Structures are given as structure tokens and as C-alpha cells.
Amino acid sequence: MSVPEDSAVPTGHALVDRFHELLGDAGLARATHRHLVGAQRAAGLHTRGRPLSRLLRPRLVDAATVRRTGVAASVVAGALEGLAAIALQPGREGRVVRDILMLTPAERELVEMTARHGVTGVLSPHARLDGFLTGGAPVFVELNAHSPGGVLSQETLAGIHLGSPAMRAFVQDHPVRAEPTHRTMASSLIDAWERGGRPGGVPRVAIVDWEDGLAWEFRSLAAELRRQRVPVVVCSPDDLRHDTRHGLHTRDRAGRPWRITVVHRRAVTADLLARGPAPFTDHPLVRGWAAGVCVMVNPLASLLAHKKSVLALLSDPRTAGLIDPGQVAVARAYVPWTRRVEPGITTFRDREVDLLPFARRHREELVLKPNDDYGGTGVVCGWRTAGEEWEDALERAVASPYVLQERVPLPTALYPRLSDGRMRLSACGESTDPYLYDQRAAGVICRVSGTALLNVRTGADLVPVFAYRSPDGESGASSARERTVGSPAARHS
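Reading the values: the criteria
- Counting restarts for each chain, with residues numbered from 1 along the sequence as it is written.
- Note on the predicted model: pLDDT of at least 70 is required for a residue's local features to be given, and 80 or more for side-chain atom pairs to be given and counted; whole-chain, interface and lining totals, by contrast, use all residues.
- Side-chain metrics in this entry use all non-hydrogen atoms of the structure; hydrogen atoms and water are not considered.
- An axis is simply a line fitted to the C-alpha atoms; with a helix, the fit covers only the stretch in contact. Between two such axes, the angle follows the N-to-C directions and lies from 0 to 180 degrees.
- Helix and strand assignments come from DSSP, with helices taken as H or I runs of at least 4 residues and strands as E runs of at least 2, each series counted from the N terminus.
- What sets the label is the angle itself: under 35 degrees gives roughly parallel, over 145 gives roughly antiparallel, 65 to 115 gives roughly perpendicular, and the rest give oblique.
- Contact definition: two residues touch when any of their heavy atoms are within 4.5 Å.
- Residue polarity is assigned by list, with Asp, Glu, Lys and Arg as charged and Ala, Val, Leu, Ile, Met, Phe, Trp, Tyr, Cys and Pro as nonpolar; anything else, Gly included, falls into the polar class.
- Put simply, a nonpolar core is a bunch of buried Ala, Val, Leu, Ile, Met, Phe, Trp, Tyr and Cys residues held in one set by side-chain atoms that sit within 4.5 Å of each other.
- Only protein chains enter the accessibility calculation, which uses a 1.4 Å probe. A residue is then buried if its area is under 20% of the maximum for its type, exposed if over 50%, and partly exposed in between.
- Helix span, expected: 1.5 Å multiplied by one less than the number of residues in the helix.
- In this description, one arc is meant: the one made by directions from the helix axis to the C-beta atoms.

**Q** Explanation requested: the packing of helix α6 (residues 151-162) against helix α9 (residues 215-227) in the structure shown.
**A** A packed helix pair is summarised by two numbers, namely the angle formed by the two axes and the spacing between the axes. For the pair α6 and α9, the least separation of the axes is 9 Å and the interaxial angle reads 85°. The angle between the axes of α6 and α9 places the two elements in the roughly perpendicular class. Facing α6, whose interface residues are Val151, Leu152 and Ser153, α9 presents Trp216, Glu217 and Leu221. A per-class count over the contact of α6 with α9 returns 4 nonpolar, 1 polar and 1 charged.

See the structure below:
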């Protein structure tokens, strides 16, 4: 989505100031709010009874920064997935990686089955790196490797914002662009089917999840697949069946078998294991994949890259030399120090430390994260925790899968919302989360919150990201008077 380009484009600070100046007209601000709320309601973009975004402007980032962030994300994702994939190998190296990743017995069973059948392509054809721009450079704190959401929502929100009165006035003089991704996502599913040997002879896609919280994303993807003349259905994992006659299938409205050859798996592995049969290898989804009647995006092996502890593989001494050292060195520049919580000696910035005493001494520079939970659940920020509470948290972390991560500053920017009929500006934290297809960046989402927890489930707003063309190639801050304050990089999902 874009407006015509122009050669005269001011800096990011001036652009955001201009947008806020437009919204200083109370009538325009109210009309913009009405448009954004009404259009989101019409599109179904509501979460927990509120619009997905309540802010009056999008995020503005210069195109050069968007490109550099995408390149960095591709390097980091490639290194992380390359290291995680070693867990599929036999021998000492595979055991070391599996140990750092802290796999559960059920996950180890899935990994062993995947190793027997092999993996075609990357572990996570769809992935999202969650992070921040600090000083114009990206820092990534988590890899979301379970067919993550958000990028189609960002695209829908971009279209809604382009129709708002404030945006229409703004783009008359300031060209901006939001990257469309729905065609890329649809095509990537067909590409995965072709790489997987074209099972069934025809791609027939099932978008599989229990929840309909992102129903608008499912509808958008389904519409694009149908535009490409690909049959598609949205169903629950509980709707799936597998037999030798119909392969993997669900039932249509008339009760007839509806064969599936491509599974777009939105349900995360942890939920599948918790809600599925025991053993999970008996689930129709797993049996259909093992029988070769379908491909799965993302495959079950993506659980290896989805672990919070996957970031520890970049710098843990036990993994040195497992993949190209140059690739690891570049990736490490964009990732904070991360370690599995366990007693013993490790390294911090190339010096040996005893991990638990080190964590006690440096509480204010560290955050504890559960290895598998998401949505900010279980995160403990050392700088917000008293010494005794931190000690208790460390003890719990040793007993259950947790990681320690170095604190990362959270960038903040001014964002407008409507209050008492007028625009009000407030400082908000903002994330920068590139989406990747086969480790190539395409699209970026941004979550904005007035609190330290940048998660839509807990009240953060999703805002579309528009790129502008900087006349001097400056990397620039993404918004007016951007500043950096200490805050948890860990509280993403």
C-alpha cells in the first residue's frame, strides 16, 4: 500500500511533528478517531472488546532503517535456525543443543520422529523476530517460530489508516509505503507444498487453530488463497481426521470429507501437546504428516527454534564452532546475552562467571523468562524485583525451564490518542518486529504500550508501520523526540 513518491521528503522527526500538527485540529482528530474505530469494527479487528489499535497515527520509519532491520533479522534467523536444527542430529552435538533448549519428554519424542522423517527447507518458513530499535540499530530478544500472527493485521490496519482524514491530509505532501504481505504468505504455503513433493497432486490448505482471536487474519489469507484458486478451510485441530482412504481431512458443511494437503498450523506446539491425545504422535495431524499426505507450515520441528533458550545457542561455550563462526558473530551483535538457568560456570562477555552468584549480584541488569510461555507470563524483571523475591525467582527458575537475559533498553516515542474530544500525546514503548518467510524479511509489525509490557493480549496497541524515503539516507529515529529508557526487552511473545 503506498501513495505516489516524491523527491522532497523531510526527516522522521519533522514528519511525526507534522502529523501531530494536523491532529491538533480537534475536528480532524475526532473524525480520524471515528474512522479508525469504525473501520476496525467493520473489519472485525477487535480484541477483548476493544479496537486492535486506539492510536491516531501509524509508526513512521525511514526506508533505509527498514531495509537494514530486515537484513539483520535474516542473518539472526538463519543463525538461530541453523543452530537449533543441530538438535535433530545424533551424537554429542545434537545432545548438547537439545540440553540447552530444555526439551520436554513429549517434545523429544516429536524431535526424534522428525529426525527419522527429515525436514524439507527451514525449520520455520514463517517466523517473527521480536525486538526494538535502539539508537537506530535493531536488537532482537525473541524468535517467534510458531507461524506467528500480526503481519496480516498490520497490513489491514495500514489500509484503514490510509483512509483516515489525518492520513489523507498527511500523504498529500509526504509519500509513505506499507509493505503488503498477504500474497507472500499465500505463495509461501504453495512453495512449501511444492518443496514437500506436491502431496495429493493439488494444494488444499487448512488454516488450523483453536482460537478465532485473529479471525480477520484467517479471512484475509483465505481470500488471497481463493484468489489464487487454491481451496482453503479454517478449522480446529479437533476437527482433523486421518485414514488411508481420505488422508488428512476435515468435514465440510454437508459432512463430506474435505482432503487437506497443506496445513497452515497456527496452533502452537505446547497447546497441541497439552490438549491433544497421549501420546501426541497419535494425533491425526501428526499421523497425516508422518504418512506424507500433507506438508505443515510451520512444521513441528519449529518448536526447536521457538524456545527462548534458542538465543543462548549463539554464545554458549558448548556450541562454539557448530556453524559458521562469522555468521554467529554477526548475529550476536543483534541479540542480548542469554543463558539457560542452571548451576555452574558459563561466560558473560567472554569472561567466566558462576551463573547463579552472577545473577544474584547483577539483578538490576537481568530478566528471567520462562522457556515456553508467551504473552509475558512468568517474566521477572530484576530491576523491578526486591532482592529476596529475585532469590526466590532464581530458585524456581532452576527447578523449571527458564532463561536469563541481559536487560535491553526500551525505546519510547510520543503517540496520539483521543481524550475528551482532543488529541493527547503520551510516551509509549514501541517494538520493531520483522516478519520472515524462509528467513527473508517481508513486513514488520509494531506494538505500542504505555506500560513496559508490549503485548496485545495485555493492552498494547498494534500500529501499522509506514516507510518514508529519507533524502540524506539517515537511519533516523522512528518518531519525534524518541528517547531510550531502561525496560524489559523480555516481555514479548
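**Q** I would appreciate a short explanation of the nonpolar core in the present structure.
**A** A general feature of soluble globular proteins is that nonpolar side chains tend to end up buried together. In terms of nonpolar packing, the biggest core is built from 59 residues, with Leu101, Leu129, Val263, Leu304 and Leu314 touching the most fellow members. With 8 residues, helix α3 (residues 63-84) is the largest single contributor of residues to this core. Sequence-distant contacts of Leu101, that is, excluding residues within four places in its chain, are made with Ala87, Leu304, Lys307, Ser309, Val310, Leu313 and Asn371. Counting residues in hydrophobic clusters, the runner-up holds 50 residues, among them Leu52, Val205, Trp216 and Val230.

**Q** So what exactly am I meant to see when it comes to helix α5 (residues 105-117) here?
**A** One full turn of an α-helix is made of 3.6 residues, so residues set three or four places apart face in the same direction. With 13 residues, α5 ought to run about 18 Å at 1.5 Å a step, and its terminal C-alpha atoms sit 19 Å apart, in line with that. Within α5 the residues assigned to the buried category are Glu107, Leu110, Val111, Met113 and Thr114. Burial along α5 is one-sided: seen end-on, the buried residues are contained in an arc of 165°. For α5, the exposed residues set more than 90 degrees away from the buried face come down to Pro105 and Arg116. Gly118, located one to two residues past α5, shows a positive phi value of around 85°.

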